[in-house]
Amino acid sequence: ASIEKGGYEHFMLKEIYEQPKAIYDTFRGRLLPDQNMIKMGGLFEYKEKFLNANRIIIVGCGTSWHAGLVGEYLFEDLARIPVEVEYASEFRYRNPVITDQDVVIAISQSGETADTLAAIKLAKEHGATIFGICNVVGSSIARETHAGAYTHAGPEIGVASTKAFTAQVTVLSLLAIEIAKMKGTLSETRYHELLEELNGIPKKMEAMLQSDSKVREISERFKDATNCLYLGRGYNFPVALEGALKLKEISYIHAEGYPAAEMKHGPIALIDENMPVFVIAPRNGQYDKIVSNIQEVKARNGKIVAIVSEGDTEIAKMSDFTLEIPDSSEAFSPLLTTVPLQLLSYHIAVMRGCNVDQPRNLAKSVTVE
Ligand code: G6P
């Protein structure tokens, strides 16, 4: 078993470290910055459907649903297509309005999640075009879709999803950028810049993974917390949700993710000197707004751990701890900000003696409804 783990103590840690490769493998042969193009067979075949879509509906569960939320920001921001992101289980039981003008993107690591599979069957009956983003080749969901693009993250063994998430976000980025180009909502220059930048993400991630001593120090400090709050805005709001989910899943600490500005409508009541608040605050995402959210937490003696861009000093001064990520466009920041939060959850769970790869009550793929 230790050989399978490639020298890592757990599959989850191995899979966190495999992310630069998972992303690279996912865009290899598709992202071609030198030729200034993106090549995706599944997309080109159904190009007209995407271009004429009234809206895109993204369905998934768990971490895949969070990737879908990042997709919502990408498609609306870059391609100007309205998007709805749905929990597969809610969508199917709601008598949803679906037409043959809709494109449904189903996201699933395993390709076997029962609710997601049932949701796409329903959408198909109503004439929608179904595009799959799965990691497992030949899985039930992959077979049920009209077209799709696999994530090439390799097998994910740890129950808590890590590399599948960043690989899903990578596929969504490729799709959104290419559809935006076809729709003419992106300038030629910006298109090229985005291709170059996405191409550079695995290197940036690699650099971030070099040292996790700071993450360990923070984990040590907060391992006995009973509640944690995760805040983010814009593209990093889904990352806040995912950060909280990861902590809950493997450390059994209660955690909530919230849009930073929405904190004042509830969670702020919980903040005291015992409450760690993880704030995702890269330079490119509504920076000034998040600075004032941090001040609101500080004023109530909350403990701030901020994920900031390299060289940030302003937020660093207000925070108890900071973790730096390389600079990027806001659109790609989730690929970077997610990583330190995964590591934090991992180390906290290990320090608490939890079974990281197989947390209690959870299954890698939920094939029952
Ligand atoms: C389970 C797993 C999660 C996963 C979710 C959706 O809850 O524990 O890690 O995100 O199912 O799985 P899928 O295979 O459809 O992405």
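The name given to the chain in an unreviewed UniProt entry is Glutamine--fructose-6-phosphate aminotransferase [isomerizing], with the source organism recorded as Phaeocystidibacter marisrubri. Per UniProt, the chain has the following entry under Catalytic activity (unreviewed entry): "D-fructose 6-phosphate + L-glutamine = D-glucosamine 6-phosphate + L-glutamate".

Student: Honestly, the overall build of the chain in this entry has me stumped. Any pointers?
Tutor: Along the chain, the regular secondary structure elements total 15 helices and 12 strands. Over its C-alpha trace the chain gives a radius of gyration of 20 Å, about what one expects of a compact globule, namely 21 Å for 369 residues. With the C-alpha coordinates aligned to their principal axes, the bounding extent of the chain is approximately 55 × 45 × 45 Å. Out of the 369 residues in the chain, the part that is buried amounts to 54%.

Student: Is there a simple way to explain unusual backbone geometry in this structure?
Tutor: It is generally the case that most residues other than glycine have a negative phi and that most peptide bonds are trans. Phi at Asn-36 is positive, roughly 55 degrees, even though this residue is not glycine. Examined against the element boundaries, Asn-36 turns out to sit in the loop between β1 (31-32) and β2 (37-38). At Asn-301, a position not held by glycine, the phi torsion is positive, near 65 degrees. Within the secondary structure, Asn-301 is located in the loop between α13 (287-298) and β11 (303-309). Given 11 C-beta atoms within a 10 Å radius, Asn-301 is considered exposed.

Student: Looking at this model, I keep getting lost on the packing of helix α2 (residues 19-27) against helix α9 (residues 163-183). Mind explaining?
Tutor: With their axes 9 Å apart at the nearest point, α2 and α9 run at an angle of 30 degrees to one another. Crossing angle aside, the handedness with which α2 passes α9 is right-handed. Two secondary-structure elements touch here, α2 through Gln-19, Ala-22, Ile-23, Thr-26 and Phe-27 and α9 through Lys-163, Thr-166, Ala-167, Thr-170, Val-171 and Leu-174.

Student: I keep staring at the site of the ligand and nothing clicks. Help me out?
Tutor: Near the ligand you find 16 residues, and of these Gly-62, Thr-63, Ser-108, Ser-110 and Thr-113 are the closest. Among the elements that line the shell around the ligand, the one with the most residues is helix α5 (residues 62-79), at 3 residues. Its residues assigned to classes, the shell around the ligand comprises 5 nonpolar, 10 polar and 1 charged.

Student: Got a minute to help me understand the sheet that holds strand β7 (residues 147-148) in this structure?
Tutor: Paired through backbone hydrogen bonds, the strands of a sheet run either parallel or antiparallel to each other. The sheet built from 5 strands is open, its strands ordered β4-β3-β5-β6-β7 with parallel pairing. Each of the sheet's edge strands pairs with one partner strand only, and the pair in question is β4 (83-87) and β7. Two strands pair when backbone bridges link them, and strand β3 (residues 56-60) and β4 are joined in this way by 5 bridges, in the parallel orientation. If you follow Gly-60 over to β4, its bridge partner there is Tyr-87. With respect to the sheet, α5 is in contact with β3, β4 and β5 (103-108), its orientation differing from that of β4 by roughly 175 degrees.

Student: What is the right way to read the sheet that holds strand β12 (residues 321-325) from this model?
Tutor: Taken together, the 5 strands give an open sheet; going across it, the order is β9-β8-β10-β11-β12, and neighbouring strands pair in parallel fashion. In the strand order of this sheet, the two ends are held by β9 (254-259) and β12, each with one partner. Strand-to-strand, the axes of this sheet are offset by a mean angle of 20 degrees, without reference to chain direction. Bridging between strand β10 (residues 276-281) and β11 involves 6 bridges; their strand directions are parallel. Within β11, the position partnered with Val-279 by the bridge is Ala-306. Contacting β8 (227-232), β10 and β11, α13 crosses the sheet at an angle of about 170 degrees to β10.

Student: Explain the packing of helix α12 (residues 237-251) against helix α15 (residues 333-351) to me, please; I cannot follow it from the model alone.
Tutor: Axes are the key here: two packed helices are described by the angle between their axes and the distance separating the axes. Two elements in contact, α12 and α15, have axes whose closest approach is 9 Å; the angle formed by their N-to-C orientations is 20 degrees. Taken as axis vectors, α12 and α15 run roughly parallel relative to one another. As α12 packs across α15, the resulting crossing turns out to be right-handed. Contacts between α12 and α15 involve Pro-238, Val-239, Glu-242, Gly-243, Lys-246, Leu-247, Ile-250 and Ser-251 on the former and, on the latter, Pro-334, Thr-337, Thr-338, Leu-341, Gln-342, Ser-345, Ile-348 and Ala-349. When the residues that make up the contact of α12 with α15 are grouped by side-chain class, the tally is 8 nonpolar, 6 polar and 2 charged.

Student: Which parts of the structure should I look at to understand the nonpolar core?
Tutor: When a protein is soluble and globular, its nonpolar side chains tend to lie buried together. Val-104, Ala-176, Leu-231 and Val-279 are the most contacted members of the largest nonpolar core, which has 122 residues in total. The element that contributes the greatest number of residues to this core is α9, accounting for 12 residues. Leave out the neighbours within four places in its chain, and Val-279 touches Leu-231, Ala-260, Ile-290, Asn-293, Ile-294, Ile-304 and Ala-306.

Student: Help me out: how do you make sense of the environment of Arg-360 in this one?
Tutor: Mapped onto the elements of the fold, Arg-360 is located in the segment after α15. For Arg-360, a count of 10 C-beta atoms within 10 Å gives the class exposed. Sequence separation between Arg-360 and Tyr-252 is 108 residues, and the spatial gap between their C-alpha atoms is 9.1 Å.

Student: How do you make sense of helix α11 (residues 213-222) when you look at a structure like this?
Tutor: Quick reminder: α-helices carry 3.6 residues per turn. Residues three or four places apart thus point the same way. Turning to α11, its buried residues number three or more, namely Val-215, Ile-218, Ser-219 and Phe-222. All buried residues of α11 fall inside an arc of 105 degrees around its axis, so they share one side. Opposite the buried face of α11, by more than 90 degrees, sit the exposed residues Ser-213, Glu-217 and Glu-220. Residues of α11 that are buried make contact with β10, β11, β12 and α15.

Criteria and cut-off values
All chains use their own residue numbering, which begins from 1 and follows the written sequence. The predicted origin of the model limits local features to residues at a pLDDT of at least 70 and limits the giving and counting of side-chain atom pairs to 80 or more, whereas totals for whole chains, interfaces and linings rest on all residues. UniProt positions are given in the numbering used here, feature names are shortened, and annotations may be inferred rather than shown by experiment. The secondary structure listing takes helices from DSSP runs of H or I that are at least 4 residues long and strands from runs of E that are at least 2 residues long, numbered from the N terminus. C-alpha atoms define the radius of gyration, and 2.2 Å times the number of residues to the power 0.38 defines the globule rule. Here a residue counts as buried when 20 or more other C-beta atoms fall within 10 Å of its C-beta, as exposed when 12 or fewer do, and as partly exposed in between; the C-beta atoms come from the backbone. Axis angles are defined between N-to-C directions and span 0 to 180 degrees, where every axis is a line fitted to C-alpha atoms and, for a helix, only to the segment in contact. It is the rotation of the near helix from the far one that decides the hand of a crossing: anticlockwise by less than a right angle makes it left-handed, clockwise makes it right-handed. In this description, any two residues whose backbone-derived C-beta atoms lie within 7 Å of each other are considered to be in contact. For each residue, a C-beta atom is placed from the backbone, and the residue counts as near a molecule or strand when that atom lies within 6 Å of it. Three classes are used: nonpolar for Ala, Val, Leu, Ile, Met, Phe, Trp, Tyr, Cys and Pro, charged for Asp, Glu, Lys and Arg, and polar for all others, with Gly counted as polar. Whether two strands pair comes down to DSSP finding at least two bridges between them. Should an angle lie under 35 degrees it is considered roughly parallel, over 145 roughly antiparallel, and from 65 to 115 roughly perpendicular; all remaining angles are considered oblique. Linking buried Ala, Val, Leu, Ile, Met, Phe, Trp, Tyr and Cys residues through C-beta atoms within 7 Å yields a set, and such a set is a nonpolar core. Picture the helix axis, draw a direction to every C-beta atom, and the arc is the one those directions span.

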